[in-house]
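# Fold and contact review
Chain by chain, the residues:
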Amino acid sequence: TDVPRDHGGLADLDVSVEEFLSGFDLSERTHQFLARFGSLGSGAASSEWSAITALSLIAAFDHSAYAWLAAVTDKFAGGTASVIGALVEDGDPDVRLSTVVERVEQRSGEVVVSAADGSTFTAGAVIMAVPLNVWRDIEFVPELSEAKAALRREGHPNRMGKLWALVDRAPDASVFGADSDLLLLAPQYELDGALLMVGFSAPPSTLDVTDGAAVERAVRQHYPDASVRASLAHDWNADRFSNGGWQTYRPGQATRYMSGLQTPEDRVYFAGADTANKWIGWLDGALETGARAAGQALMTRS
């Protein structure tokens, strides 16, 4: 799991999940369940993403497909914001919010980062931790090397939708529905006599997670008598600073580009869970790649 997928002769596994499952003697119902179960971890249809992504994550979870699902029940006591706050307090960085990077230019012995508001930042090294699907909106001078340029152009197919809904008249039980707009709907907390539930949607569903009426209809696919008091969601697919969910390799990408995704571009280094070896797309992958990029920068700049 710590070796890039383009090392090790794994091309036979770098096929679509649909093709991979078709190689087994599965009943139609089992095939459908596994394909849609995989969509919970990919935000993509089974024809769009590579089985090697799924197999990589299962391997990371000690070869347990169940652990891949069950791990999402772990939570930070103070929420994710508490972790970010602790990092900022410990490192005391100069944080610039609402500063949109448009250009990263390498010059002799330095890197100049230019923002949309006209401000520039100069440093001896730069670590890029923006999502892969945002690279296309940043100009790199010189242009990125072949593997990164290809992934920048192709992008990944994750279009996961996530929502929170406060639901009345629903049982305190998680549900999964392969043919439903909400693949998974799971109660998290009891609040004011109702259940606060988290739900996930992925292609081929076109559910608009920001549409309250559509969300209620989707909830009722699982709980016909339920009513939704309120729902809340952010459309990460329409957000220009994410352009989709986390990294989900398309068939053929990982075994061609993965190590190139992690290789420095002279004074520019790449981090973020989209570039991880082991924890692809997970918070653990951000830690994994942050340590890698920092080590690369320190080693080559010392």
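Residues numbered from 1 in each chain as written. Predicted model: local features only at pLDDT ≥ 70, side-chain atom pairs only at ≥ 80, totals over all residues. Heavy atoms only, no water.

Moving on: a nonpolar patch on the surface. On the surface, a nonpolar cluster with roughly 340 Å² of combined accessible area is contributed by Phe24, Leu26, Phe33 and Leu34. With respect to the helices and strands, the residue phenylalanine 24 is situated in the loop between helix H1 (17–22) and helix H2 (28–42). (Patch = residues over 30% accessible without salt bridge, like charges linked within 9 Å, V, L, I, M, F, W, Y side chains within 5 Å. Areas by Shrake-Rupley, 256 points an atom, 1.4 Å probe, with all protein chains shown as cover. Salt bridge = Lys/Arg side-chain N within 4 Å of Asp/Glu carboxyl O. Helix = DSSP H or I, 4+ residues; strand = E, 2+ residues; numbered from the N terminus.)

On to the packing of helix H6 (residues 146–154) against helix H8 (residues 254–262). A pair of packed helices is captured by two measures, namely the crossing angle of their axes and the spacing between those axes. At a minimum axis separation of 8 Å, H6 and H8 run at an interaxial angle of 110°. Judged by the inter-axis angle, H6 sits roughly perpendicular to H8. Of the two possible hands of crossing, H6 and H8 adopt the one that is left-handed. Residues Ala147, Lys148, Ala150, Leu151 and Glu154 of H6 form the contact with H8, whose participating residues are Arg256, Tyr257, Gly260 and Leu261. Taken together, the residues of the contact of H6 with H8 break down into five nonpolar, one polar and three charged. (Axes fitted to C-alpha atoms, helices over the stretch in contact; angles between N-to-C directions. Parallel < 35°, antiparallel > 145°, perpendicular 65-115°, else oblique. Left-handed = near helix turned anticlockwise from the far one by under 90°. Contact = heavy atoms within 4.5 Å. Nonpolar A, V, L, I, M, F, W, Y, C, P; charged D, E, K, R; others polar.)

What follows is about the sheet that holds strand E2 (residues 110–115). One open sheet accounts for four strands, arranged E3-E2-E1-E5; its pairing is mixed. Of all the strands in the sheet, the pair left with one neighbour each is strand E3 (120–123) and strand E5 (139–141). Averaged over all neighbouring strand pairs, the angle between strand axes comes to 15°, with direction disregarded. In terms of strand pairing, strand E1 (residues 101–107) meets E2 through six bridges, oriented antiparallel. (Pairing = 2+ DSSP bridges.)

The end-to-end C-alpha distance of H2, which contains 15 residues, comes to 21 Å, matching closely the 21 Å that a straight helix rising 1.5 Å per residue would cover. Listed in full, the buried residues belonging to H2 are His31, Ala35, Arg36, Phe37, Gly38, Ser39, Leu40, Gly41 and Ser42. As for H2, its buried residues are in contact with H1, helix H4 (65–70), strand E7 (175–176), strand E8 (184–191) and strand E9 (194–201). In the stretch just after H2, glycine 43 is the one whose phi turns positive, near 65°. (Expected span 1.5 Å × (residues − 1). Buried < 20%, exposed > 50% of the residue type's maximum accessible area, 1.4 Å probe, protein only.)

Moving on, we get to the confidence of the model for the protein. For the protein, per-residue confidence averages 94 on the pLDDT scale, and residues scoring 70 or more make up 99% of the total. Element-level pLDDT for the protein is lowest in H4, with a mean of 86, against a maximum mean of 98 in E5. (pLDDT = per-residue confidence, 0-100.)

Attention now goes to the packing of aromatic side chains. Applying the stated criterion across every chain, the model contains eight aromatic pairs. Their ring planes at 40° and their centres at 6.5 Å tell us that phenylalanine 140 and phenylalanine 270 sit as a pair that is tilted. Separated by 130 residues along the polypeptide, phenylalanine 140 in strand E5 and phenylalanine 270 in strand E11 (residues 268–270) bring together distant segments of the chain. Residue classification places phenylalanine 270 among the buried positions, given a relative accessible area of 0%. (Phe/Tyr/Trp six-rings, centres within 6.5 Å; stacked < 30°, edge-to-face > 60°.)

The next subject is the layout of surface pockets. By volume, the second largest pocket is sized at about 270 Å³. The wall of the second largest pocket is formed by 14 residues, among which Leu21, Leu34, Ala54, Ile58 and Trp68 lie closest to the centre. Secondary-structure elements contributing two or more residues to the lining of the second largest pocket are H1, H2, helix H3 (51–60) and H4. Across the lining of the second largest pocket, the residue classes break down as 13 nonpolar, one polar and no charged. (1 Å grid on protein atoms, 1.4 Å probe; cavity = no way out; pocket = protein on both sides within 12 Å on 5 of 7 lines; lining within 4 Å. Points joined across faces, edges and corners; volume = space filled by probe spheres on them.)

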